[in-house]
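Overview (structure and organization)
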Amino acid sequence: MEVKVSKKSKPQRPKRDEFEIEELGNAVVEAYNEKYGVVLTLWQREPIQGKIVFKRQHTYQYN
């Protein structure tokens, strides 16, 4: 007789549709433009509170 061991399944990450992602993006841009503080809740983490800041990407020029 063969005994099957069940695997522990991880909790499924919530699905986000395109509309929800666009709304979230708009809220982040508005918070940056209006200098609002924001509170974000990340998947399986504690809420994060802070200010949205702009970070420039490095650009390299080759001669």
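Residues numbered from 1 in each chain as written. Predicted model: local features only at pLDDT ≥ 70, side-chain atom pairs only at ≥ 80, totals over all residues. Heavy atoms only, no water.

Considering the overall build of the chain
The secondary structure content of the chain amounts to 1 helix and 2 strands. Along the chain direction, N to C, the helices and strands of the chain fall in the order α-β-β. Split into buried and exposed, the 63 residues of the chain put 3% on the buried side. Working note: accessible area of the chain is about 7400 Å², and carbon and sulfur atoms make up 52% of it. (Helix = DSSP H or I, 4+ residues; strand = E, 2+ residues; numbered from the N terminus. Buried < 20%, exposed > 50% of the residue type's maximum accessible area, 1.4 Å probe, protein only. Areas by Shrake-Rupley, 256 points an atom, 1.4 Å probe, with all protein chains shown as cover.)

Considerations on a negative patch on the surface
On the surface, a cluster of negative charge is contributed by Asp17, Glu18, Glu22 and Glu23. Tracing the chain through its elements places Glu23 in helix α1 (residues 18-34). (Patch = residues over 30% accessible without salt bridge, like charges linked within 9 Å, V, L, I, M, F, W, Y side chains within 5 Å. Salt bridge = Lys/Arg side-chain N within 4 Å of Asp/Glu carboxyl O. Lys, Arg positive; Asp, Glu negative; His and termini not counted. Charge placed at Lys NZ, Arg CZ, Asp CG, Glu CD.)

What about the environment of Asp17?
Along the chain, Asp17 turns up in the segment before α1. In terms of polar contacts, Asp17 uses its side chain to reach the backbone amide nitrogen of Glu20, at 2.8 Å. (Polar contact = N/O pair within 3.5 Å; in protein donor to acceptor, adjacent residues only side chain to side chain.)

Section: the packing of aromatic side chains
The final tally for this structure, using the stated rule, is 0 aromatic pairs. The ring of Tyr32 has Lys35 sitting right over it, with the charged end atom 5.9 Å from the ring centre. (Phe/Tyr/Trp six-rings, centres within 6.5 Å; stacked < 30°, edge-to-face > 60°. Lys NZ or Arg CZ within 6 Å of the ring centre and 35° of its normal.)

Here we look at the pattern of salt bridges
Here the structure, examined in full by the defined rule, presents 1 salt bridge. Glu20 is the salt-bridge partner of Arg16, the closest N and O atoms lying 3.8 Å from each other. Its relative accessible area of 57% is what places Arg16 among the exposed residues. Owing to a relative accessible area of 34%, Glu20 belongs among the partly exposed residues under this scheme.

Let's talk about a nonpolar patch on the surface
Together, Leu24, Val28, Leu40, Leu42 and Ile48 make up a nonpolar patch on the protein surface, roughly 380 Å² of accessible area in all. Turning to its location among the elements, Val28 is positioned in helix α1. Judged by its relative accessible area of 30%, Val28 falls in the partly exposed class.

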